[in-house]
Amino acid sequence: MSNNSLQPMMPVRHHARLLMRAGLTAVATLVFGATAAAPAVAGGSGGPFLRPLNTVTTVASTVPANGDQNPYGTVVIRHSEGDLHRGNVLISNFNNKPNLQGTGTTLVQVSPDGKVSQFAQIDPAKLPGECPGGVGLTTALTVLPGGWVVVGSLPTTDGTAGTASAGCLLVLDSHGTVRETIVGDGINGPWDMTSVSHGDRTELFVTNVLNGTVAAGGTEVDRGTVLRITLCRHGDQPPERVATTVIGSGFGERTDPMALVIGPTGVGLGHNGTLYVADTLGNRITAIPDAVHRTSDAGTGRVVTAGNHLNGPLGMAITPRGDILTVNSGDGNIVETTPAGDQVAVRTLDTSGTPPGAGALFGLAIDLDRDAVFFVDNATNQLDVLH
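We now turn to the structure provided with this report. Because the structure is a prediction, the values reported are computed rather than measured.

**Notes on the pairing of strand 5 (residues 106-110)**
- Across the five residues of strand 5, five count as buried, placing the element largely inside the fold.
- The side-chain alternation of strand 5 yields two buried faces, one formed by Thr 106, Val 108 and Val 110 and the other by Leu 107 and Gln 109.
- Bridge count for strand 4 (residues 89-95) against strand 5 is four bridges, and the pairing is antiparallel. Each residue of the ladder has a partner; that of Ser 92, found in strand 5, is Leu 107.
- With five bridges connecting them, strand 5 and strand 6 (residues 116-121) associate as antiparallel partners. Opposite Thr 106, over in strand 6, you have Gln 121 as the bridge partner.
- Between strand 5 and the antiparallel strand that follows it, strand 6, lie five residues; Gly 114 among them carries a positive phi value of about 95°.

**Structural notes on the layout of surface pockets**
- Counted as a void, the largest pocket has a volume near 1,100 Å³.
- Lining the largest pocket are 40 residues, and of these Val 75, Arg 78, Thr 142, Thr 194 and Ser 195 lie nearest its centre.
- When residues of the lining of the largest pocket are traced back to their parent elements, those giving at least two are strand 3 (69-76), strand 7 (137-144), strand 11 (190-198), strand 16 (267-269), strand 20 (313-318) and strand 24 (361-366).
- At six residues, strand 11 tops the list of elements feeding residues into the lining of the largest pocket.
- Across the lining of the largest pocket, the residue classes break down as 18 nonpolar, 17 polar and five charged.

**Observations regarding the sheet that holds strand 6**
- What the four strands build is an open sheet, ordered 3-4-5-6; its pairing is antiparallel. Two strands close off the open sheet at either side, each with one partner strand: strand 3 and strand 6. Strand-to-strand twist in this sheet, taken as the mean axis angle between neighbours without regard to direction, amounts to 30°.

**Regarding the sheet that holds strand 26 (residues 382-386)**
- Ordered by their spatial adjacency, four strands build an open sheet running 2-26-25-24, and the pairing between neighbours is antiparallel. Both outer strands of the open sheet, strand 2 (56-61) and strand 24, are each paired with one neighbouring strand and no more. The sheet shows a mean angle of 25° between the axes of neighbouring strands, direction not considered.
- Of the strand pairs in this sheet, strand 24 and strand 25 (residues 373-377) are connected by four bridges, and their pairing is antiparallel. Paired with Ala 365 across the bridge in strand 25 is Phe 374.

**Focus on the pattern of salt bridges**
- Across all of its chains, the model carries seven salt bridges by this definition.
- Note that Asp 279 and Arg 284 form a salt bridge whose closest N and O atoms lie 2.7 Å from each other.
- What makes Asp 279 buried here is its relative accessible area of 3%.
- Each of Arg 201, Glu 203 and Arg 228 takes part in one network of salt bridges that share partners.

**Looking at the environment of Asn 333**
- Positionally, Asn 333 belongs in strand 22 (residues 333-337).
- When the C-alpha atoms of Asn 333 and Pro 313 are compared, they prove to be 9.5 Å apart, with 20 residues separating the residues in sequence.
- Among the polar contacts listed, one links the side chain of Asn 333 to the side chain of Thr 348, at a separation of 2.8 Å.

**Here we look at the nonpolar core**
- Counting residues in each nonpolar core, the largest one holds 43 residues, and the members touching the most others are Ile 334, Val 373 and Leu 386.
- Ranked by the residues each element gives to this core, the list is headed by strand 24, at five residues.

What counts, and at which threshold
Residues numbered from 1 in each chain as written. Predicted model: local features only at pLDDT ≥ 70, side-chain atom pairs only at ≥ 80, totals over all residues. Heavy atoms only, no water. Buried < 20%, exposed > 50% of the residue type's maximum accessible area, 1.4 Å probe, protein only. Helix = DSSP H or I, 4+ residues; strand = E, 2+ residues; numbered from the N terminus. Pairing = 2+ DSSP bridges. 1 Å grid on protein atoms, 1.4 Å probe; cavity = no way out; pocket = protein on both sides within 12 Å on 5 of 7 lines; lining within 4 Å. Points joined across faces, edges and corners; volume = space filled by probe spheres on them. Nonpolar A, V, L, I, M, F, W, Y, C, P; charged D, E, K, R; others polar. Axes fitted to C-alpha atoms, helices over the stretch in contact; angles between N-to-C directions. Salt bridge = Lys/Arg side-chain N within 4 Å of Asp/Glu carboxyl O. Polar contact = N/O pair within 3.5 Å; in protein donor to acceptor, adjacent residues only side chain to side chain. Core = buried A, V, L, I, M, F, W, Y, C linked by side-chain atoms within 4.5 Å.

Listed below in structure tokens is the structure:
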């Protein structure tokens, strides 16, 4: 899917918070540009995953009928089940139509050729269980065997961090109906998530960003956590939580008037069972070894890489050969890092706003053909693809 020509982008309105940051009143068109791509590294075949990817194309708007915006969670559906279709991208929205953070209630499904459908609109008043504070869908999004969708909620009542609540994990069936809530036992502002399944057992790896954050009033506190939540499926019933283990802690987190909250975001499971964490405030990627089986807290883990091309890393995906892709909150770049810590490729995905690309990127996912990267753009409320 790589292409040497720049495809035209669909101009749509900017996310309101970026307009305020940039002081803009007009809409800018998304522009793509490539930057440094380093040589291939030893131990991998074919060089960096990003090397042949040099074109950004808009797939579709992510705004559903109710006007929700600020797309966050992004996952490619691997198996068709119910209303979920293989190869499509499932996306969660964090803001409502008035652009209040922590109030988005919709999940949309987008096909690679741009067909958009609403998978779910969640009514906070009609949940099957407790979810402290209500519904504000985050980047924490995954699809389990059987078509069970798990999405995080970090809700607010007015779009400000002062009203943020602990939230929960919402479990939806393959038709978009919430069947279960997973709450408490360390779940406190679930911000991002990845998963791995074997048979009827699933391990969720969930970052949490509200441990003392609101009380600190904008001051950084080092209390962000990573939980491993073990689920078991029983026939057609929603998966049941059977264990929760703290495998990471001590990550920096703080409230922010533009981003609501900043803390450990992207998580990705490497080929050797290592969980990589995007420590956003630390401007680094860390590694928690033996994440699937460990019974102890690894703290923030081993530092894989820090600084250089990283600029507040957020969403994460793992390439077929095990490299780590992260997108920056401080600029519009995607960065590829090897497990050994070498930053081997960088691409620019968004240049809107001031500074260019700041605040535009969040969730990303590699397509099923493993030759392109889907990513959501908060500045345009779109799903785009780097190919």
